[in-house]
Protein chains: 2
Amino acid sequence: MKKPLILVVNDDGISAPGIRKLISIMHDFGEVVVVAPEGPQSGMGHAITINATLRCDKVTIDDGEQTEYAVSGTPVDCVKLAVNQILDRKPNLCVSGINHGSNSSINVIYSGTMSAAVEGALEGIPSIGFSLLDFSHDADFSEGEKYIRKITQSVLEYGLPEGVCLNVNIPKTKENKKIKGIKVCRQAKANWEEEFDERKDPNGRTYYWLTGKFVNYDKGDDTDERALENHFVSLVPVQYDITAHHAISILNNRF
Amino acid sequence: MKKPLILVVNDDGISAPGIRKLISIMHDFGEVVVVAPEGPQSGMGHAITINATLRCDKVTIDDGEQTEYAVSGTPVDCVKLAVNQILDRKPNLCVSGINHGSNSSINVIYSGTMSAAVEGALEGIPSIGFSLLDFSHDADFSEGEKYIRKITQSVLEYGLPEGVCLNVNIPKTKENKKIKGIKVCRQAKANWEEEFDERKDPNGRTYYWLTGKFVNYDKGDDTDERALENHFVSLVPVQYDITAHHAISILNNRF
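Residues numbered from 1 in each chain as written. Chains lettered and ligands numbered in written order. Predicted model: local features only at pLDDT ≥ 70, side-chain atom pairs only at ≥ 80, totals over all residues.

Visitor: Looking at this model, I keep getting lost on the overall build of chain A. Mind explaining?
Guide: Counting its secondary structure elements, chain A contains six helices and eleven strands. Rg of the C-alpha trace for chain A: 19 Å, near the compact-globule value of 18 Å for 255 residues, within the 12% margin. Judged by the C-alpha coordinates and their principal axes, chain A covers about 55 × 55 × 50 Å. For chain A, the proportion of its 255 residues judged to be buried stands at 51%. Summarising the internal contacts of chain A: among those between residues at least 6 apart in sequence, 77% fall at separations of at least 24. (Helix = DSSP H or I, 4+ residues; strand = E, 2+ residues; numbered from the N terminus. Rg over C-alpha atoms; globule rule 2.2 N^0.38 Å. Buried ≥ 20, exposed ≤ 12 C-beta atoms within 10 Å, placed from the backbone. Contact = placed C-beta atoms within 7 Å.)

This is the structure:
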């Protein structure tokens, strides 16, 4: 029997420590092909490149057995290129990450990491996005590893419901705060309160940096934010059907 | 009483005929402020600008009474800048479009037009994305106008359920094929079958253009695709909670 084919993608760029760790883990599960952005693509959401050309070059980053391609476009472009141009069979699994930083709650809709997983699901591939709640380049990806292995094993074995991918966030480990396990959750109702940092360029013209503060409005016990606060790995099933089905009957009475 | 404050945004750029038409319609409903990308941002999905600076300049495009700002970033950046930096009160309505081309079914997740509306909903603003099924620059936006007016009036009067915005698509009118009315729908299950157009640059290096064919797998009578085929305006309520709630109990048994 052929080994499972595993597509690895991310949004921090093909050289980021998070994806290098994920590649090394995936070698134990199957044949690994990496198709990832050549540089950082954080916050790209479900963007695709339609008004510009795409480059996709075979590269060698380390001495691992994977095949790798660096793409000039977005994480979603990477999945589309992999499935339609690079691979000769459909992957058995698509994993995205490990993202440097949280993709919990509302971050899921801004995240290139998670959009790549959603795109994988759209292509009918069981797909998982992994993120670690640590932005630093030298973040410690080791304690989450056993949970990544457990979730990967389960998805390869049992698949996922149609149209659903997984958003997995791993808490940052501190001394005396070990990860307690996995919680299946819903996306917390939270938002960013933006503040724009207004500056002047050397010519006196105004420009802005987007900054903001994350605010969780959700007091529910079944949210990803709560799980992470309590030092669990959060696992949220995510879908690409974004119809607000509950609102259909309300609106039917108006139109 | 103050006139309603209406924020207008799009993804085709501030000079596109679609947004100019939408601005002219909105003058009948309130005070209009336009914050839109300086150039085309189609396919940007929910992308935000976090690794680069943003420009936001006051501009005059025509002799209408609106105030206008052209932004160097994405449609979602425009909404964030409008709400947090430009406007001194929360808008009563956010309208996005009129998009040149369809944002029905799966297009909703790639669409900058719809992501701007979703961002409006996140900010607690009743928000609507309007799209016309005609890509051409000189598309005829006139027959859809009465439906845009009807939907706008309703949303200003009754609001929208919390966390929900509207994805409105308008069929292209042909001779003997007038619009029949509005149908409240769900997002059809459809997808793009991509084909990458592979070319060589003048230096012999390979590059790609993303192209594809839209395929509707959904035979349901309650989808946006069906409504549009039958020459109705489709209206899909859209939400930013993308949790696949139905999958939670399935996954709970596995982890």
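Visitor: Just to check I follow, could you spell out the sheet that holds strand 3 (residues 56-59) of chain A for this structure?
Guide: Pairing between the strands of a sheet comes from backbone hydrogen bonds, and it takes one of two forms, parallel or antiparallel. Residue and element names in this part refer to chain A. Across the sheet, which stays open at both edges, the nine strands sit in the order 3-4-2-1-5-6-7-11-8 with mixed pairing between neighbours. Looking at strand neighbours, the two that pair on one side only are strand 3 and strand 8 (182-184), the edges of this open sheet. Here the average twist between neighbouring strands, direction ignored, is 25 degrees. In this structure, strand 7 (residues 164-170) lies alongside strand 11 (residues 233-239), joined through six bridges in antiparallel fashion. Residue pairing across strands places Asn167 opposite Val236, the latter belonging to strand 11. (Pairing = 2+ DSSP bridges. Axes fitted to C-alpha atoms, helices over the stretch in contact; angles between N-to-C directions.)

Visitor: Just checking my understanding: could you explain the relation of the copies chain B and chain A for this structure?
Guide: Two copies of the chain are present, and they differ by a rotation about an axis and a shift along that axis. The transformation that overlays chain B on chain A combines an axial shift of 0.0 Å with a rotation of 180 degrees, and the residual RMSD is 0.0 Å. Each copy turns onto its partner about a two-fold axis. An overlap of 98% is found between the interface residues of chain B and their copies at the interface of chain A, pointing to a shared contact surface. (Least-squares fit on C-alpha atoms with pLDDT ≥ 70 in both.)

Visitor: I tried to follow the environment of Ile25 of chain B on my own but got confused; where do I start?
Guide: All names here are of chain B. Relative to the helices and strands, Ile25 resides in helix 1 (residues 17-26). Along the sequence, Ile25 and Glu145 sit 120 residues apart, while their C-alpha atoms lie 7.8 Å from each other. Beyond its immediate stretch of four places on either side in the chain, Ile25 contacts Glu145, Ile148 and Arg149.

Visitor: What is the right way to look at the sheet that holds strand 1 (residues 5-9) of chain B in this model?
Guide: Residues and elements named next belong to chain B. The strand order across the open sheet built from nine strands is 3-4-2-1-5-6-7-11-8, with neighbouring strands paired in mixed fashion. Of all the strands in the sheet, the pair left with one neighbour each is strand 3 (56-59) and strand 8 (182-184). Strand after strand, the sheet turns through a mean of 25 degrees between neighbouring axes, direction not considered. Lying on the sheet, helix 1 is in contact with strand 1, strand 2 (31-37), strand 5 (93-100) and strand 6 (127-132); it crosses strand 5 at an angle near 145 degrees. Docked against the sheet, helix 3 (residues 112-122) engages strand 1, strand 5, strand 6, strand 7 (164-170) and strand 11 (233-239), running at close to 170 degrees with respect to strand 6.

Visitor: Please explain the packing of helix 2 (residues 75-86) of chain B against helix 3 of chain B as it appears in this structure.
Guide: Between two packed helices, what matters for the description is the angle formed by their axes and the separation of those axes. All names here are of chain B. Contact pair helix 2 / helix 3: the axes reach a minimum separation of 8 Å and the direction vectors enclose 30 degrees. As summarised for this structure, helix 2 and helix 3 are arranged roughly parallel, according to the angle between their axes. The interaxial crossing formed by helix 2 with helix 3 has right-handed handedness. Of helix 3, the residues touching helix 2 (which contributes Pro75, Val76, Cys78, Val79 and Lys80) are Gly112, Thr113, Ser115, Ala116, Glu119 and Gly120. Of the residues belonging to the contact of helix 2 with helix 3, the class tally is five nonpolar, four polar and two charged. (Parallel < 35°, antiparallel > 145°, perpendicular 65-115°, else oblique. Left-handed = near helix turned anticlockwise from the far one by under 90°. Nonpolar A, V, L, I, M, F, W, Y, C, P; charged D, E, K, R; others polar.)

Visitor: I tried to follow the pairing of strand 9 (residues 190-200) of chain A on my own but got confused; where do I start?
Guide: The side chains of a regular strand alternate, first on one face of the sheet and then on the other. All names here are of chain A. Pairing of strand 9 with strand 10 (residues 206-216) involves eleven bridges; the strand directions are antiparallel. Along strand 10, the bridge assignment pairs Asp197 with Trp209. Adjacent in sequence and paired antiparallel, strand 9 and strand 10 are bridged by five residues, among which Gly204 carries a positive phi angle near 85 degrees.

Visitor: Explain unusual backbone geometry here, please?
Guide: Negative phi is the rule for most residues except glycine; trans is the rule for most peptide bonds. Residues and elements named next belong to chain A. Residue Ile98 follows Gly97 across a cis peptide bond; omega there is -10 degrees. Note on placement: Ile98 falls in strand 5 (residues 93-100). If you check the backbone angles, Ser105 has positive phi at about 45 degrees while not being a glycine. You can see Ser105 is positioned in the loop between strand 5 and helix 3 (112-122). On the neighbour-count criterion, Ser105 (28 C-beta atoms within 10 Å) is buried. Here His231, not a glycine, exhibits a phi torsion of approximately 70 degrees, which is positive. Along the polypeptide, His231 turns up in the loop between helix 5 (224-229) and strand 11.

Visitor: What is the right way to look at helix 3 of chain B in this model?
Guide: Side chains three or four residues apart in an α-helix point the same way, a direct result of the helix having 3.6 residues per turn. Residues and elements named next belong to chain B. A large share of helix 3 lies buried, amounting to eleven of its eleven residues. Among the residues of helix 3, Gly112, Thr113, Met114, Ser115, Ala116, Ala117, Val118, Glu119, Gly120, Ala121 and Leu122 are the ones counted as buried. Downstream of helix 3 by one or two residues, Gly124 has phi in the positive range, about 80 degrees.

Visitor: Where do I start with the pairing of strand 2 (residues 31-37) of chain A in this structure?
Guide: Residues and elements named next belong to chain A. Of all seven residues making up strand 2, six are buried, and the element is well covered by its neighbours. For the segment spanning strand 1 (residues 5-9), helix 1 (residues 17-26) and strand 2, crossover handedness is right-handed. Pairing of strand 2 with strand 4 (residues 67-71) involves five bridges; the strand directions are parallel. Within strand 4, the residue paired with Pro37 across the bridge is Val71. (Right-handed = clockwise from strand over helix to strand, strands pointing away.)

Visitor: Teacher, can you tell me more about the environment of Ile23 of chain B here?
Guide: Residues and elements named next belong to chain B. Looking at the secondary structure, you find Ile23 in helix 1. The exposure class assigned to Ile23 is buried, which follows from the 25 C-beta atoms found within 10 Å. In this structure the C-alpha to C-alpha distance between Ile23 and Phe141, which are 118 residues apart in sequence, comes to 12 Å. For Ile23, the contacting residues outside a window of four places in its chain are Val8, Val32, Val34, Gly64 and Gln66.

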